[in-house]
Amino acid sequence: MNSRISALLQTLKIPAVYYIAPQEWVWSATSQLSYRLAERMRLMLAIFPQEAEHYQQAGGNVRWVGHPLIDILQHAPRREQARVALGIPPGVKAVMLLPASRAQELTQVA
């Protein structure tokens, strides 16, 4: 979908900035989407250094800005502290359901 929107913006000559680009650079054997987005975006803001490098190699104007959760997670409680705060006894299995954009994020166990 974002590829089609980026094509429309390019056709209308509307400059666009892409924040948190598709992670195609990790999972795809080809980089077709990367090259299209790099060509169409005025600027891409990358959350990983490797991502910035990938989109730069694809010809994009890219700035690495860092991941938005890094600072937040530095102050996250440890597992034991979270269990106490949430009233979950030690040894009891806890399951957390979070919204996700892909089915495998719900089925894979970390």
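### Here we look at helix 4 (residues 49-57)
Here comes step 1: Those residues of helix 4 that fall on the buried side of the exposure criterion are Glu 51, Ala 52, His 54 and Tyr 55. Down the axis, helix 4 shows its buried residues gathered within 165° of arc, on one side only.
Here comes step 2: Buried residues along helix 4 sit in contact with helix 2 (24-27), helix 3 (32-40), strand 2 (43-46) and strand 3 (62-64).
Here comes step 3: Immediately beyond the C-terminal end of helix 4, within one or two residues, lies Gly 59, with a positive phi of roughly 100°.

### A short note on unusual backbone geometry
Here comes step 1: Within the chain, Lys 13 stands out as a residue other than glycine whose phi angle is a positive 60°.
Here comes step 2: Mapped onto the secondary structure, Lys 13 falls in the loop between helix 1 (2-11) and strand 1 (17-19).

### Observations concerning the confidence of the model for the chain
Here comes step 1: When the pLDDT values of the chain are averaged, the result is 82; 85% of them are 70 or greater.
Here comes step 2: Mean pLDDT across the elements of the chain ranges from a minimum in helix 7 (residues 103-107), with 62, to a maximum in strand 3, with 95.

### Regarding the side chain of His 54
Here comes step 1: With respect to the helices, strands and loops of the structure, His 54 is situated in helix 4.
Here comes step 2: Look at His 54 and you get buried, because its relative accessible area is 15%.
Here comes step 3: Side chain to side chain, His 54 and Ser 34 meet in a polar contact 2.6 Å long.
Here comes step 4: Aside from chain neighbours lying at most four places away, what touches His 54 is Trp 25, Ser 31 and Ser 34.

### Some remarks on the sheet that holds strand 1
Here comes step 1: Read across the open sheet, the three strands follow the order 1-2-3; overall the sheet is parallel. Strands with a single pairing partner mark the edges of an open sheet, and in this sheet they are strand 1 and strand 3. Here the strands of the sheet are splayed against their neighbours by 20° on average, with no regard to which way each runs.
Here comes step 2: Here strand 1 runs beside strand 2; their pairing, made up of three bridges, is parallel. The residue of strand 2 that forms the bridge with Tyr 19 is Leu 45.
Here comes step 3: Lying on the sheet, helix 4 is in contact with strand 2 and strand 3; it crosses strand 3 at an angle near 170°.

Criteria and cut-off values
- Residues numbered from 1 in each chain as written.
- Predicted model: local features only at pLDDT ≥ 70, side-chain atom pairs only at ≥ 80, totals over all residues.
- Heavy atoms only, no water.
- Buried < 20%, exposed > 50% of the residue type's maximum accessible area, 1.4 Å probe, protein only.
- Helix = DSSP H or I, 4+ residues; strand = E, 2+ residues; numbered from the N terminus.
- Arc of directions from axis to C-beta.
- Contact = heavy atoms within 4.5 Å.
- pLDDT = per-residue confidence, 0-100.
- Polar contact = N/O pair within 3.5 Å; in protein donor to acceptor, adjacent residues only side chain to side chain.
- Pairing = 2+ DSSP bridges.
- Axes fitted to C-alpha atoms, helices over the stretch in contact; angles between N-to-C directions.

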